[in-house]
Amino acid sequence: MGDAEAGARDRDAEGRARSARPRDGLGRPLPYGAPGVERQPEGIVRTPEETVAEAQALLDAGKPFHAHEVFEDAWKSGPEAERTLWRGLAQLAVGLTHAARGNVTGGARLLRRGADAVEEWAAGGGGPRPYGMDVDGLARWARELAGRVEGGAGSVGTKVDAKGEAPRLRGSR
């Protein structure tokens, strides 16, 4: 649909409401017709290793919103026992997205919520290195970034560099 008609909603092939507006690298909607960043396809079932590799590539490219969508697919399609892990990782990625957009409160809150979730999963028997990921290191990264965001790194007019702040899922660079 070009310019949205008054009262009309964009729909996907299944008829669900879904905005057709292009998005920027942080997932923010742009005006119809503007060039945007290609969206992550939704509902892709990947192996955990593929999920981690794809999400890391997106994080390294400064696209945490897109990495969040990859983690969300794993959260929705993976085994029930791993949902807290993938949900927490999705929250970490969207927390970085909000911090990069300059949303101090939302960014810090989601970073901490994600850290809590991955730690909860590890403490519940999941272990500290699922699929080679450094859960303890990710939780430390998230809490440290949340503190810096609240301390001014993401204050009004100042945004976190999503690419520069991207975590290494499997440990240090």
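Keep in mind that this is a model prediction, so the values were computed, not measured.

Colleague: Could you give an account of the overall build of the protein chain, naming the residues involved and the relevant values?
Modeller: Helix and strand counts for the protein chain stand at six helices and zero strands. For the protein chain, the sequential pattern of α-helices and β-strands runs α-α-α-α-α-α. Each of the 173 residues in the protein chain was classed as buried or not, and the buried ones make up 44%. Sequence separation of at least 24 residues holds for 57% of the intrachain contacts in the protein chain that already meet a minimum separation of 6. Accessible surface for the protein chain amounts to roughly 8800 Å². Of this, 50% is attributable to carbon and sulfur atoms.

Colleague: Go over the environment of Leu169 with me, naming the residues and quoting the values.
Modeller: Mapped onto the secondary structure, Leu169 falls in the segment after α6 (162-165). Through-space distance from the C-alpha of Leu169 to that of Leu89 is 9.3 Å; in sequence the pair is 80 residues apart. With near-sequence residues (within four places) excluded, Leu169 lies in contact with Val52, Ala55, Gln56, Leu59, Phe71, Gly132, Met133, Asp134 and Leu138.

Colleague: Provide a residue-level description of the packing of aromatic side chains, including the pertinent values.
Modeller: In total, this model carries two aromatic pairs according to the counting rule given. For the ring pair Trp86 and Tyr131, a centre distance of 6.0 Å and an interplane angle of 20 degrees mean the geometry is stacked. Note that Trp86 is positioned in helix α3 (residues 83-101) and Tyr131 in the loop between α4 (104-126) and α5 (135-153), a separation of 45 residues in sequence. Following the ring pairs from residue to residue traces out a cluster consisting of Phe71, Trp86 and Tyr131.

Colleague: Give me the lowdown on helix α1 (residues 48-60), citing residues and values where you can.
Modeller: The end-to-end C-alpha distance of α1, which contains 13 residues, comes to 18 Å, matching closely the 18 Å that a straight helix rising 1.5 Å per residue would cover. Of the residues trailing α1, Gly62 is marked for its positive phi of about 80 degrees.

Colleague: Tell me what's going on with the side chain of Glu165, and back it up with residues and numbers.
Modeller: Inspection of the secondary structure assignment puts Glu165 in helix α6. Its relative accessible area of 19% is what places Glu165 among the buried residues. Setting aside residues up to four positions removed in sequence, Glu165 forms contacts with Leu96, Trp141, Leu145, Arg148 and Val160.

Colleague: Before we move on, can you summarise the packing of helix α2 (residues 64-77) against α3 with the specific residues and values?
Modeller: Closest axis-to-axis distance for the α2/α3 pair is 8 Å, and the angle between their directions is 165 degrees. The angle between α2 and α3 places the two elements in the roughly antiparallel class. Here α2 and α3 pass one another in a crossing that is left-handed. The segment α2 lies against α3, with Pro64, Phe65, Ala67, His68, Phe71, Glu72, Ala74, Trp75 and Lys76 engaging Arg83, Trp86, Arg87, Leu89, Ala90, Ala93, Val94, Leu96, Thr97 and Arg101. For the contact of α2 with α3, the residue count by class is 12 nonpolar, two polar and five charged.

Colleague: Just give me the short version of the packing of α1 against α2, but keep the residues and values in it.
Modeller: The relative placement of two packed helices is expressed as an angle between their axes plus a distance between the axes. Interaxial distance between α1 and α2 falls to 7 Å at its minimum, and their mutual angle equals 165 degrees. The angle between α1 and α2 falls in the class roughly antiparallel. Between α1 and α2 lies a crossing of left-handed hand. Where α1 approaches α2, its residues Thr51, Glu54, Ala55, Leu58 and Leu59 are matched on the opposing element by Pro64, His66, Ala67, Val70, Phe71 and Ala74. Split into classes, the residues belonging to the contact of α1 with α2 amount to eight nonpolar, two polar and one charged.

Colleague: Explain the confidence of the model for the protein chain to me, using residue names and the numbers behind them.
Modeller: A low pLDDT means the predicted coordinates there should not be read in detail. Per-residue confidence for the protein chain gives a mean pLDDT of 88, with 88% of residues at or over 70. Contacts for the low-pLDDT stretch residues 1-6, under 50 throughout, to residues beyond four places or in other chains number seven contacts.

Parameters and conventions
Residues numbered from 1 in each chain as written. Predicted model: local features only at pLDDT ≥ 70, side-chain atom pairs only at ≥ 80, totals over all residues. Heavy atoms only, no water. Helix = DSSP H or I, 4+ residues; strand = E, 2+ residues; numbered from the N terminus. Buried < 20%, exposed > 50% of the residue type's maximum accessible area, 1.4 Å probe, protein only. Contact = heavy atoms within 4.5 Å. Areas by Shrake-Rupley, 256 points an atom, 1.4 Å probe, with all protein chains shown as cover. Phe/Tyr/Trp six-rings, centres within 6.5 Å; stacked < 30°, edge-to-face > 60°. Expected span 1.5 Å × (residues − 1). Axes fitted to C-alpha atoms, helices over the stretch in contact; angles between N-to-C directions. Parallel < 35°, antiparallel > 145°, perpendicular 65-115°, else oblique. Left-handed = near helix turned anticlockwise from the far one by under 90°. Nonpolar A, V, L, I, M, F, W, Y, C, P; charged D, E, K, R; others polar. pLDDT = per-residue confidence, 0-100.

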